[in-house]
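Okay, here's what each chain looks like letter by letter:
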Amino acid sequence: MDKILRIDMGAEGGPKMTEEPLGAYAGFGGRAMTSAVVSKEVPPLCHPLGAENKLVIAPGLLSGTIASMSGRLSVGCKSPLTGGIKESNAGGQAAQVLARLGYAAIILEGKPHGDDLYKIFINAEGVKITVDNSLKMLPNYDLVDKMKQQHGEKITCLSIGPAGEMKMGAASIAVTDMELRPTRHAGRGGVGAVMGAKGVKVIVLDDTGMKMRPPKDPEKFKEANKNWVEGLKKHPVTGQGLPAYGTNVLTNVLNEAGGYPTYNFKQGRFDGASRISGETQAETETARGGSATHGCHRGCIIQCSGTYNDKDGHFLTKQPEYETVWSHGGQCGNADLDSIAEMDFIEDNYGLDTIEMGVALGVAMEGGLLEFGDAQGAIKMLHEVGKGTPLGRILGNGAAFTGKAFGVERVPVVKGQAMPAYDPRAVQGIGVTYATSTMGADHTAGYAVATNILSVGGKVDPLKPEGQVELSRNLQIATAAIDATGMCLFIAFAVLDQPETFQALLDLLNAFYGLSLDADGVVTLGKTILKMERDFNIGAGFTAEHDRLPRFFKTEKFPPHNVVFEVTDEDLDKVYNW
Amino acid sequence: MSVKIESLPAAELQILVDAPRYPQFLQLVQQGIILRRQVGCSLRSFLLDQLRLSPQFIEENIQTIFLDGKPVDDLDRAHVKDGCTLALSAAMPGLVGATMRRGGFYASLRAQISHGPDDPNASATAQGCVTIKFFNNVAHLLGKAFLQDTFFITSKNLEDFIRWSRPTDDIKAFLGEKPFDWKAFRAGNSNDELVRVRLKIV
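The model shown is predicted, which means the values in this text are computed figures rather than measured ones.

Definitions and limits used
Residues numbered from 1 in each chain as written. Chains lettered and ligands numbered in written order. Predicted model: local features only at pLDDT ≥ 70, side-chain atom pairs only at ≥ 80, totals over all residues. Helix = DSSP H or I, 4+ residues; strand = E, 2+ residues; numbered from the N terminus. Rg over C-alpha atoms; globule rule 2.2 N^0.38 Å. Buried ≥ 20, exposed ≤ 12 C-beta atoms within 10 Å, placed from the backbone. Contact = placed C-beta atoms within 7 Å. Pairing = 2+ DSSP bridges. Axes fitted to C-alpha atoms, helices over the stretch in contact; angles between N-to-C directions. Parallel < 35°, antiparallel > 145°, perpendicular 65-115°, else oblique. Left-handed = near helix turned anticlockwise from the far one by under 90°. Core = buried A, V, L, I, M, F, W, Y, C linked by C-beta atoms within 7 Å. Nonpolar A, V, L, I, M, F, W, Y, C, P; charged D, E, K, R; others polar.

Asks: Looking at this model, I keep getting lost on the overall build of chain B. Mind explaining?
Replies: Looking only at helices and strands, chain B has six helices and twelve strands in total. Its C-alpha atoms give chain B a radius of gyration of 18 Å, near enough to 17 Å, the size a compact globule of 202 residues would have. When its C-alpha atoms are laid out on the principal axes, chain B stretches across 50 × 35 × 30 Å. Looking at the 202 residues of chain B, the share that counts as buried comes to 43%. Within chain B, residue pairs in contact and separated by at least 24 positions form 86% of the contacts whose partners lie at least 6 positions apart.

Asks: Looking at this model, I keep getting lost on the overall build of chain A. Mind explaining?
Replies: Each helix and strand counted, chain A has 23 helices and 17 strands in total. Taken over the C-alpha trace, chain A has a radius of gyration of 22 Å; the compact-globule value for 578 residues is 25 Å, and the two agree within 12%. For chain A, the spread of C-alpha atoms along the three principal axes comes to 60 × 55 × 50 Å. By residue count, 65% of the 578 residues in chain A fall in the buried class.

Asks: Teacher, can you tell me more about the sheet that holds strand β9 (residues 156-159) of chain A here?
Replies: Paired through their backbone hydrogen bonds, the strands of a sheet run either parallel or antiparallel. All names here are of chain A. Strands sit in the order β8-β7-β12-β9-β10-β11 across an open sheet of six strands; the sheet is mixed. Of all strands in the sheet, those with a lone pairing partner are β8 (126-131) and β11 (184-186), marking the two edges. Shown here is a sheet whose adjacent strand axes are inclined to one another by a mean of 20°, direction ignored. Bridge count for strand β10 (residues 173-175) against β11 is three bridges, and the pairing is antiparallel. If you follow V175 over to β11, its bridge partner there is R184.

Asks: I keep staring at the packing of helix α6 (residues 218-234) of chain A against helix α20 (residues 499-513) of chain A and nothing clicks. Help me out?
Replies: What describes two packed helices is the angle between their axes and the distance between those same axes. All names here are of chain A. In contact at an axis separation of 8 Å, α6 and α20 are set at 155° when each is read in the N-to-C sense. It follows from the interaxial angle that α6 and α20 lie roughly antiparallel. Every pair of crossing elements has a handedness; the one defined by α6 and α20 is left-handed. Residues K220, F221, A224, N225, N227, W228, G231 and L232 of α6 form the contact with α20, whose own contacting residues are E500, T501, A504, L505, D507, L508, A511 and F512.

Asks: Looking at this structure, I do not really get unusual backbone geometry. What am I missing?
Replies: Keep in mind that most residues, glycine aside, have a negative phi and that most peptide bonds are trans. Residues and elements named next belong to chain A. Put simply, P559 and P560 share a cis peptide bond, and its omega is 5°. Within the element layout of this structure, P560 appears in the loop between α22 (552-555) and α23 (569-572). Even without a glycine there, the phi angle at F265 is positive, about 65°. Topologically, F265 is positioned in the loop between α8 (250-256) and α9 (278-287).

Asks: What's the story with the environment of A78 of chain B in this structure? I'm lost.
Replies: Residue and element names in this part refer to chain B. By the secondary structure assignment, A78 is in the loop between β5 (70-71) and β6 (79-80). Taking the C-alpha atoms as reference points, A78 and Q56, separated by 22 residues in sequence, lie 19 Å from one another. Not counting residues within four places of it along the chain, the set of residues in contact with A78 comprises S42, L43, L67, V72, H115 and D118.

Asks: Any chance you could explain the sheet that holds strand β14 (residues 305-309) of chain A here in plain terms?
Replies: Residues and elements named next belong to chain A. What the three strands build is an open sheet, ordered β13-β14-β15; its pairing is antiparallel. Two strands in the sheet have a free side with no partner beyond their single neighbour: β13 (291-294) and β15 (315-318). Taken over all neighbouring pairs, the strand axes of this sheet differ in orientation by 25° on average, direction set aside. Two elements, β14 and β15, share three bridges in a ladder whose sense is antiparallel. When the sheet's bridge partners are listed, Y308 is paired in β15 with T317.

Asks: Help me out: how do you make sense of the nonpolar core in this one?
Replies: A general feature of soluble globular proteins is that nonpolar side chains tend to end up buried together. Residue and element names in this part refer to chain A. Counting residues in hydrophobic clusters, the biggest one holds 236 residues, and the most contacted among them are V56, A105, A360 and L508. Ranked by the residues each element gives to this core, the list is headed by helix α18 (residues 467-485), at nine residues. Setting aside residues up to four positions removed in sequence, A360 forms contacts with A170, L395, G398, A399, T402 and A418.

Asks: What is the right way to look at the interface of chain A and chain B in this model?
Replies: Frequently, the measure chosen for interface size is the accessible area removed from exposure when the parts meet. With 48 residues of chain A at the contact, the number on the chain B side is 38 residues. For the side of chain A that touches chain B, the secondary-structure elements that each account for two or more residues are α7 (236-245), α8, α9, α16 (428-436), α18 and α19 (491-497) of chain A. Examining the composition of the side of chain A that touches chain B, we find that seven residues originate from one element, α7 of chain A, more than from any other. Residue composition of the side of chain A that touches chain B, grouped by class: 26 nonpolar, 16 polar and six charged.

Asks: I keep staring at the pairing of strand β8 (residues 126-134) of chain B and nothing clicks. Help me out?
Replies: Where a strand is regular, its side chains alternate between the two sheet faces. Residue and element names in this part refer to chain B. Of all the nine residues making up β8, seven are buried; the element is thus mostly covered by neighbouring parts of the structure. Judged from the seven bridges that link them, strand β2 (residues 33-39) and β8 form a sheet pairing that is antiparallel. Across the sheet, residue L35 finds its bridge partner in β8, namely V130. Here strand β7 (residues 85-89) runs beside β8; their pairing, made up of four bridges, is parallel. Residue pairing across strands places L88 opposite F134, the latter belonging to β8.

Written out as C-alpha cells, the structure is:
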C-alpha cells in the first residue's frame, strides 16, 4: 500500500492514469487519507459535480492485513448533498482487495468531455480503463452480474447505480460483499453522484496472486491480532448482541427510551416497533432459511449482518441495518418488515443511501405525497427515483430537497444531510454531534465510545449535563482516528470496556508499521483529521450558523418525554475549541 | 397502564407449542407481558425477590433498564410501583446504546430523560401489576421461563401478535376448556382488556 493511483477523467484523448508514491500522504489511511487529499487538492468553493472536485477512495491503515475487522473503506470528496467535505464509509471486500493490490488511494479527478461511461479494471498486472456504454443505467445487481460474466467470480466491484449516473444527492457507491452482491454502500453525502460526474460506472478489482500485506514485526502483529480477536469475542456487544441480532437490536431499546423518531420526528415511540425489531428480524431470517449472523467482509468476526429471505425462502436482501429499518419503518409509520427489506434491496440496486431516502420518504409523507404507513406507495416512489422521473429526482436528491419541494417545515437535516435514527431531543449529546460534525447529521461522526480509554481532552464527569459538548468533541476526535485505521467502528464497544483490547489495537498498528503510537498519538491523529475537514468547510462558506439543528428541535416538544433540544448555541460553538 | 387486580380474568389461554416454533412467541415479551407481583419496593429488590433473578445474572446480563421509559442508573433509588412498565436489555451497540447503559460513562448524553431517584415512601408495599418487557439476549435467556408461567397481556397485543405472527392452526390453544380459534380472535371494544396466558412447550 505504497502508491496512489490517479485517473484524470478529463484528460485530452481520454482518461489518463498515473501512479505515484505516497509523498506527503505517507502515514495516512482511510478517512485521514481522503480528507487530507480533499482538503489539500480540492478548491472548497468548487462545484461538487465539476472537474475540480476529486473522488478519493482509500482503504484503512490496517486493511489488507490479517487484522480482524480491518475492512472498512473510506470515500471522500466535496459532497453534493452538504456542500462540505465528505467521508463516507463502507464495508464489503474493496478495502482489503485494494490494499493488497498496493493502493493507498485511488483518486478520480477531472471531468470527461463527452457522455461516455467508463469501466476501470485493476489487477496485479495493472490498470485498464475502457468505455462501456452498455452499462448505462444498469442497476447494481445487474451490473455486478455482468462483471462476473466478464471477469469471473474472484472480483470485487465498486459501482454506481442509476442514481449515481443521474447525479442525485442521495446516490451511493456500492461495494460488493463476500458473496459478490452489491450490498455494502458508501451511502452518505451523495458520493455516488460524484463518481457519476466523473463518468465512472464501476471499478473492478481483482487481487488474484496478491498476498496479505506483511507487517514489520510479524510475531508481534500475530500476537496483537490474537489479543484483539479475543477481546472482541468476549465482549457482550461484539461477541453476543451484534452477532445474534445485528444493529437493529437497537429498535426496541430506542423505542422504549422514547428516542425513536416516528412519523417524521413527531414522536419518540412507534406502536409497531416490536414487529420490526432486531429480535423479530433475526427470528424471521432464521425461520425462512436465511441467516441472522454474517460478516460483510472476510476477516469480520463481529458478524452483525445477515441474509433476509422472502416468504418463499429466496434471497431478498442482506439483513437491513437499524438505520434502514428505522428510516423505512418508524420514520414512515411502516411496521411491515418485508416491505422494509424490499426497499433496502431497491435502494441497494439503484444505488441510494437508505438513511437519506427513508427520511425523504417520511418528509414527503408529511408533505401529503403519501399516507404514513403506505409501504407499497413508498416502494412505487423508489421506482420513480430509479427511473429518474421528475418526482423521483426530487426524492433522490434527499430530504432537504424533498422538504422544499413539498413545503414541509419539519425537515430533519443538518448541513443538508438527513438525520439518522436517534432523536436529539431524547439523547441531547448526539444532537451536539449532529449539529457540529463536519459531515452533516451523522451518528457515526461521534461513534467511537472510547473517550474514557483515550482520556481525550481530559477527564469529563459523565454525569454532569455540561459535559455533553466535551463528550461530543472527544467522540468526534476518537471516531476520526478509528476511521483512519480501516477498523469497523463497532470495535469501539469492546475498546470502551476493555483497556487491554484498546492496547491490542495500538499493538496492531505499531507492529505493522514499526511505530510506537500511544493514546496521545491517536488523539493527535483524530484532531488533525477534524482540523483539515473543518478548515475545508470554512473555506466552502460554512459558519457557526451551519452548526445548528433545525429550529423545530428547540420548539416542538417530543413525546413521550416532552423534551426539546436544550444545548445552547454558545455551547455548540465550543465544540472545536481545543 | 393501570390494572385492577380484582379485574384480572380467571380463564386461562393455554398455548401448546413445540420447541422449534416457540421463539415466535418471544414477540409477546417484546410487546410486554403483565405480571402480578409485590410492588412498592426498590428496583433491585423487585428484580431479586419478585422476578427471582440472581445478582450475578443481573450484573452480567442486564446492563440496560428502563422504568416507565426512562433509563435507570441506580437500581436502589428507582422504585417499582403498581402499573409501571419495566424493560430489561443487555448492553447495546452504538453510541446511543452505550448512552442508555445504566451508570454508563455516557449517561449524561441522555440526562433529560434519565430516571431520577424516587421517594421510597411514595408507594405502599402491596400486590400490583407490572408490565415487563424483555429485549434481545434477556428475552432469549428469560423469555421461555416467564412465558411458561402465568402472565397477562392486553387483548390488543394478543390481536396484534396473531395478525403479524400468524400462529398456525396446528399450534393448539385452549381458553379454559374450549379450543381457541386464532383466526377468530378480536380485541373487542376495550383494547386494555386483559387475557390470562400460559405457554406450554411440548
